[in-house]
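# What the coordinates show
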Amino acid sequence: VTPLPMAWADSDGKIEYWNPKAVEFFGYTAEDVPTVRDWFRVAYPDPAYRQEILDRWRKGMAQPAGTRGLLGDEQNVRIKDGSERAVEVFAAEFGDRFLTVFNDISERRRFEDTLRAIVAGTATALGGEYFVFLARHLATALRVRAVLI
């Protein structure tokens, strides 16, 4: 049993298997999303974003046999309840099948966004001195003479 959502599709785009974690995470069943085409339609409802994702998939699948796929491609996916989740997508070709594994990075993204907001707010409040202060303390923490920010 894997803690990560996974799906298995054949070369015709039929999704042959959703593991239980994928059904739990996304909320979709094999009946809801029987093909890769259906997946792209429901997971990426915005046509412009869907096209961007399709272009990245096509690029990954255009690689030489045995190296086709995606490695940690970050995507925003719409799940069945209508909310969005940030995921890393890992996809690999196995003969005439494709295995796709999804890693939920939603919480990591929230932390990154929070940190960016704190840094931006602090920099605005302190002005240019903030970066001097930050560089000095980073250098001390890292036990180096200087850091570049």
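In what follows, the structure referred to is the one given above.
A brief report on the enclosed structure follows. (Residues numbered from 1 in each chain as written. Predicted model: local features only at pLDDT ≥ 70, side-chain atom pairs only at ≥ 80, totals over all residues. Heavy atoms only, no water.)

## Structural notes on the sheet that holds strand E4 (residues 84–94)
Ordered in space as E2-E1-E5-E4-E3, the five strands form an open sheet in which the pairing is antiparallel. Both edges of this open sheet fall to strand E2 (15–18) and strand E3 (69–78), since each of them pairs with a single strand only. Strand after strand, the sheet turns through a mean of 25° between neighbouring axes, direction not considered. In this sheet, strand E5 (residues 97–104) lies alongside E4 in antiparallel orientation, the contact comprising eight bridges. Residue Val89 lies in a different strand from E5, and its bridge partner there is Phe102. (Pairing = 2+ DSSP bridges. Helix = DSSP H or I, 4+ residues; strand = E, 2+ residues; numbered from the N terminus. Axes fitted to C-alpha atoms, helices over the stretch in contact; angles between N-to-C directions.)

## Digging into the packing of aromatic side chains
Where two aromatic rings form a pair, the distance of their centres and the angle of their planes describe that pair. One pass over the structure, following the stated rule, counts 12 aromatic pairs. Their ring planes at 80° and their centres at 4.9 Å tell us that Phe26 and Phe102 sit as a pair that is edge-to-face. On the criterion of sequence distance, the pair formed by Phe26 in helix H1 (residues 20–26) and Phe102 in strand E5 is long-range, its members being 76 residues apart. A relative accessible area of 4% means that Phe102 is categorised as buried. For the ring pair Tyr28 and Trp39, a centre distance of 6.2 Å and an interplane angle of 90° mean the geometry is edge-to-face. Here Trp39 lies in helix H2 (residues 36–43) and Tyr28 lies in the loop between H1 and H2, a separation of 11 residues in the sequence. Given the relative accessible area of 5%, Trp39 is considered buried. Aromatic rings pair up to connect Trp18, Phe25, Phe26, Tyr28, Trp39, Phe40, Tyr44, Tyr49, Trp57 and Phe102 into one cluster. (Phe/Tyr/Trp six-rings, centres within 6.5 Å; stacked < 30°, edge-to-face > 60°. Buried < 20%, exposed > 50% of the residue type's maximum accessible area, 1.4 Å probe, protein only.)

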